[in-house]
Amino acid sequence: MKNSSGLNLENAREDEQVSVMRDIIADGVCPFCHDFVDFLEPMYHAKPILHKNSSWIVTENAWPYENTAQHLLFVLRRHITHDSALTQKEIQDLWTLKKRIEKDRTITHGTFLMRSSGAGNTGATVHHLHAQLIVSGDENGVVTKVG
Ligand SMILES: [Zn+2]
């Protein structure tokens, strides 16, 4: 990580994503703290918040992985970089929010992951702790390729 925003441009996958990340770096802020802790305008993340509780927000990934029917982000509403610092309440709140969005969107399969610390070592673009729910398949959730 070479900037105060905690972003890793090397892990960006799309040109628009790189452009937004360069703006964030120039502004010198953590994008998730800016958008989801302090709720400052204008927001860097263009997708709406789908649900939130006192610990987390859930939104769609602006740049979903290929071959995904849905790619959701769960962002912790305080800045930490490692899951070892999560409280029991935050862990419970994450699971509660995951179950809620799965019910709302009729999600029956998926991959749930959380990268911790070392943005350059994990493939993360944002250092602020977050989790991802990736539902493989086409727009109807039909899986044609896994991996
Ligand atoms: Zn942050």
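So, how was this worked out
Residues numbered from 1 in each chain as written. Predicted model: local features only at pLDDT ≥ 70, side-chain atom pairs only at ≥ 80, totals over all residues. Heavy atoms only, no water. Helix = DSSP H or I, 4+ residues; strand = E, 2+ residues; numbered from the N terminus. Buried < 20%, exposed > 50% of the residue type's maximum accessible area, 1.4 Å probe, protein only. Contact = heavy atoms within 4.5 Å. Salt bridge = Lys/Arg side-chain N within 4 Å of Asp/Glu carboxyl O. Donors = N, O, S within 2.8 Å, 3.2 Å for Na, K, Ca; no water. Tetrahedral: all angles 85-135°; square planar, octahedral: opposite > 155°, others 65-115°. Polar contact = N/O pair within 3.5 Å; in protein donor to acceptor, adjacent residues only side chain to side chain. Pairing = 2+ DSSP bridges. Axes fitted to C-alpha atoms, helices over the stretch in contact; angles between N-to-C directions.

Asker: Sorry, what's going on with the side chain of H51 here?
Answerer: Assignment of secondary structure puts H51 in strand 1 (residues 49-52). Under the relative-accessibility criterion, H51 is labelled buried at 14%. Non-local contacts of H51, meaning those with residues more than four positions away in its chain, are made with I57, V58, L97, R100, I101 and D104.

Asker: For this particular structure, what's the right way to read the pattern of salt bridges?
Answerer: In this structure the tally under the stated criterion is five salt bridges. A salt bridge links K47 to E60; its shortest N-O distance comes to 3.9 Å. Taken together, the residues K47 in the loop between helix 2 (31-37) and strand 1 and E60 in strand 2 (residues 56-60) connect sequence positions 13 residues apart. Classification of K47 by relative accessible area gives partly exposed; the value is 32%. Residue E60 is classed as partly exposed on the basis of its relative accessible area of 26%. Salt bridges sharing common partners tie together K47, E60 and R105.

Asker: Hey, could you run me through the coordination of the zinc ion in this one?
Answerer: Four donors placed tetrahedrally about a metal ideally form angles of 109.5 degrees, and six donors placed octahedrally ideally form angles of 90 or 180 degrees. Coordination sphere of the zinc ion, protein contribution only: C30 (SG), C33 (SG), H79 (ND1) and H128 (ND1), at 2.0 to 2.3 Å. Of note is the zinc ion, whose four donor atoms meet at the metal with angles of 106 to 118° in an arrangement that counts as tetrahedral. Binding-site remark: the zinc ion is held by donors from one chain whose sequence spacing is C-x2-C-x45-H-x48-H. With C33 in helix 2 and H128 in the loop between helix 4 (119-122) and strand 5 (130-136), this pair connects stretches of sequence that are 95 residues apart.

Asker: Whenever I open this one, the side chain of Q70 confuses me. Can you help?
Answerer: Following the sequence through the fold, Q70 ends up in strand 3 (residues 68-76). For Q70, a relative accessible area of 18% gives the class buried. At 2.9 Å, the side chain of Q70 forms a polar contact with the side chain of R105. Discounting residues that sit within four places of it in the chain, Q70 has contacts with R105, I107, L133, I134 and V135.

Asker: Is there a simple way to think about the sheet that holds strand 2 in this case?
Answerer: Pairing within the open sheet is antiparallel, and its five strands lie in the order 1-2-3-5-4. Each edge of the open sheet is held by one strand with a lone partner, namely strand 1 and strand 4 (111-114). Within this sheet the neighbouring strands show an average axis-to-axis angle of 20°, counted without direction. In this sheet, strand 5 lies alongside strand 4 in antiparallel orientation, the contact comprising four bridges. Within strand 5, the residue paired with L113 across the bridge is Q132.

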